[in-house]
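Topology and contacts: notes
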Amino acid sequence: MGTSRRIESIYDQPLWASIQARAMRLQRCVCCGHFRYPPAPICARCLSDSAEWLTLQGRGTILSWVIFHRQYFDDFAPPYNAIAVQLAEGPIIVSNLVGVTPPGDWIGSDVELIYERGGECLLPRFKLRAQPLIDADRQLAYP
Ligand SMILES: [Zn+2]
């Protein structure tokens, strides 16, 4: 068993730098708008090599989740979860849900991006997003 390590190439170095700056950005094709995640030298949709980096809103929805009860890495003690999040911008990323977990099925839960130290660097993780409350006058109120 070993510890998990990030892989940093020339293509994903801006991604990791943005995470360390707590303002995660994803690579997007200038020609067709398709996101390249993971980052790549050319667009998988139109083959353009032009790209820009877009700062994420930091919001998404859980598409899938699992709890691992077996240890695969020394730095991930079980039980721990893994979630697939569809970002507000469209791409799907895999991460972990931290803090309070929803009762029952997690699919469809709204989450927001946070940054947590994982070993020697910050990692993008998610927590449940506060839901609007309905007050006595039946109007939406946001905590
Ligand atoms: Zn493209």
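Residues numbered from 1 in each chain as written. Predicted model: local features only at pLDDT ≥ 70, side-chain atom pairs only at ≥ 80, totals over all residues.

A few words on the nonpolar core. Within soluble globular proteins, side chains that are nonpolar tend to cluster in buried spots. Of all hydrophobic cores here, the largest spans nine residues; its members are Met 24, Ile 62, Ile 83, Val 85, Leu 87, Leu 97, Val 111, Leu 113 and Phe 126. Within the residue set of this core, elements represented by two or more residues are β5 (80-87) and β7 (110-118). Element by element, the count of residues in this core is highest for β5, at three residues. Setting aside residues up to four positions removed in sequence, Phe 126 forms contacts with Gly 60, Ile 83, Val 85, Ser 95, Leu 97, Val 111, Glu 112, Leu 113 and Ile 114. (Core = buried A, V, L, I, M, F, W, Y, C linked by C-beta atoms within 7 Å. Buried ≥ 20, exposed ≤ 12 C-beta atoms within 10 Å, placed from the backbone. Helix = DSSP H or I, 4+ residues; strand = E, 2+ residues; numbered from the N terminus. Contact = placed C-beta atoms within 7 Å.)

Right, let's get into the domain arrangement of the protein. You can read the domains of the protein as domain 1 (7-55) and domain 2 (57-132 + 139-143). Of the residues lining the interface, eight residues belong to domain 1; the matching set on domain 2 comes to nine residues. Of the residues belonging to the side of domain 1 that touches domain 2, the class tally is six nonpolar, one polar and one charged. (Domains from an automatic or database assignment. Nonpolar A, V, L, I, M, F, W, Y, C, P; charged D, E, K, R; others polar.)

Take the sheet that holds strand β8 (residues 121-128) next. Taken in spatial order, the five strands line up as β6-β5-β4-β7-β8 in an open sheet, and their pairing is antiparallel. In this open sheet, the two edge strands, each paired with only one partner strand, are β6 (92-95) and β8. Direction aside, the axes of adjacent strands within the sheet are offset by 35 degrees on average. The pairing of β7 with β8 spans eight bridges and is antiparallel. The residue of β8 that forms the bridge with Leu 113 is Phe 126. (Pairing = 2+ DSSP bridges. Axes fitted to C-alpha atoms, helices over the stretch in contact; angles between N-to-C directions.)

Attention shifts here to the UniProt feature "domain: ChsH2 C-terminal OB-fold" (unreviewed entry) in the protein. Sequence positions flagged by UniProt for "domain: ChsH2 C-terminal OB-fold" (unreviewed entry) are, in local numbering, residues 53-112. Measuring from the first to the last C-alpha atom of residues 53-112 gives 20 Å, for a span that is 0% helix and 47% strand. (UniProt positions renumbered as here; feature names shortened; annotations may be inferred.)

Right, let's get into unusual backbone geometry. Between Tyr 37 and the following residue, Pro 38, the backbone shows a cis peptide bond with an omega angle of 5 degrees. Take Pro 38: it is sitting in the loop between β2 (35-36) and β3 (51-55). The linkage connecting Pro 78 with the following residue, Pro 79, adopts the cis geometry, with an omega of -5 degrees. With respect to the helices and strands, Pro 79 occurs in the loop between β4 (59-68) and β5. Within the chain, Arg 22 stands out as a residue other than glycine whose phi angle is a positive 60 degrees. Locating Arg 22 in the fold gives a position in the loop between α1 (13-20) and β1 (25-29).

So, about the environment of Ile 114. Summarising the element assignment, Ile 114 is placed in strand β7. Considered as a pair, Ile 114 and Phe 126 are twelve residues apart in the sequence and their alpha carbons are 5.5 Å apart. What Ile 114 contacts, discounting residues up to four positions off in sequence, is Val 98, Arg 125, Phe 126 and Lys 127.

So, about the environment of Cys 31. The topology assignment puts Cys 31 in the loop between β1 and β2. Considered as a pair, Cys 31 and Leu 47 are 16 residues apart in the sequence and their alpha carbons are 9.3 Å apart. The contact partners of Cys 31, leaving out residues within four places of it in the chain, are Cys 43, Cys 46, Ser 48 and Ser 50.

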